[in-house]
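# Topology and contacts: notes
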Amino acid sequence: MADHMIRAMAWEGRVRVAACDSTGTVEELRRIHDPSPVTTAAVGRVATGALLMASMLEKVTGREPMVTIEIDGGGPAGKLLATASPKGWVRAMVANPLATAESKVNGKLNVAEVVGTSGELVVTRDPGIGEPYRGVVPLVAGEIAQDLARYLLDSEQTPSAVLLGVHVVPAGRVGHAGGLMVQLLPGVSDEQADELSARVRELGAVTSQMAAGAGPMAWVESLFAGDLTILGESPVRFHCGCSVSRVETALMLLGAGEVRSMIEATPDGPTVLSCGFCRKEYAVSAATLRRVLRSVEAGEAGDRPS
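Residues numbered from 1 in each chain as written. Predicted model: local features only at pLDDT ≥ 70, side-chain atom pairs only at ≥ 80, totals over all residues. Heavy atoms only, no water.

### A few points about the layout of surface pockets
Rules: Definitions used throughout: a 1 Å grid over protein atoms alone; a cavity as a set of points that fits a 1.4 Å probe which cannot get out; a pocket as an open set with protein on both sides within 12 Å along at least five of seven lines; a lining residue as one with an atom within 4 Å of a point. Grid points are joined across faces, edges and corners, and a volume is the space filled by probe spheres set on the points. In DSSP terms, a helix is any run of H or I states spanning at least four residues, a strand is any run of E spanning at least two, and both are numbered starting from the N terminus. Residues were grouped as follows: Ala, Val, Leu, Ile, Met, Phe, Trp, Tyr, Cys and Pro as nonpolar; Asp, Glu, Lys and Arg as charged; and all remaining residues, including Gly, as polar.
Its boundaries defined by the atoms lining it, the largest pocket holds a volume of some 840 Å³. The wall of the largest pocket is formed by 35 residues, among which Arg45, Lys108, Leu164, Gly165 and Ala205 lie closest to the centre. When contributions to the lining of the largest pocket are tallied by element, the ones reaching two or more residues are helix 2 (37-55), strand 6 (104-105), strand 7 (108-109), helix 4 (145-154), strand 10 (160-168), strand 11 (174-184), helix 5 (190-203) and helix 6 (206-211). Top element by residues in the lining of the largest pocket is strand 10. It accounts for nine residues. Split by residue class, the lining of the largest pocket holds 19 nonpolar, 11 polar and five charged. Considered as a void within the structure, the second largest pocket measures approximately 440 Å³ in volume.

### Examining the pattern of salt bridges
Here is the rule we go by: A side-chain nitrogen of Lys or Arg and a carboxyl oxygen of Asp or Glu constitute a salt bridge if their distance falls within 4 Å. For the exposure calls, accessible area comes from a 1.4 Å probe over protein chains only, and a residue counts as buried if that area is under 20% of its type's maximum, exposed if over 50%, partly exposed in between.
The final tally for this structure, using the stated rule, is 10 salt bridges. One salt bridge connects arginine 125 with glutamate 156, and the closest N-O pair in it is separated by 2.5 Å. Of this pair, arginine 125 sits in strand 8 (residues 120-126) while glutamate 156 sits in the loop between helix 4 and strand 10, placing them 31 residues apart in sequence. Residue arginine 125 is classed as buried on the basis of its relative accessible area of 14%.

So yeah, pure geometry; function would need other evidence.
Okay, structure coming up:
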């Protein structure tokens, strides 16, 4: 079955659930970035986590709602970043795709070793209306799922269980990838929370469930039996959305000094720029760079006090 997301409510609206199969999406990220197996797992977990969090945003009229997750844990992979939309798309990147970990933990890829545990997790929620909300918490595990659960509790006061998994087969491709997010809303007792935590632990790794033929719907149904309302099922996919106009916007954000340096480096052009999310290359002519520079300088001049 193609990649998809399940959204549901349980226990008469006191529990919010999202579960997804992101296998093809994470494989596409692997194809684009060509990372090491353990960095594939790290990127896949961040991307899947972003999809789960974005699925809980409401679709609104206006700008598109999005969730962005940034992790910079001080590990060899460097900064990881993923942006996702409730429409079901995600894009992701990593500073050092070839980072590796020497050891495994319980036979599994040691994601924490390449991510690191000494930095921050930043989540930016843009609801599509009003101002985006940015939350920052210190990394506690580097395994990403635990860190997202910590963020949801500390920054958004929402107790949550988060499972993220990426299984990379010996040939290097992604065999299975997926995730589950269960959020407790007001009205759940401590006893009910403990019971649900036990059920999530019994579920085990999502990739093991997928290898056994059980997908997101089966996970959700096993956790909540008949006390469940499915809100929707929708496809998920990789999507970048970069374009020439967005490249020019990004150039303007760099500032006059950086654009001037590009012109000096290749005065006859073009300057080749690569999108960090999809690796697509854009050849920017010297004339375009000079036009961007004039716009940036005019803006900077207008910002100076008279």
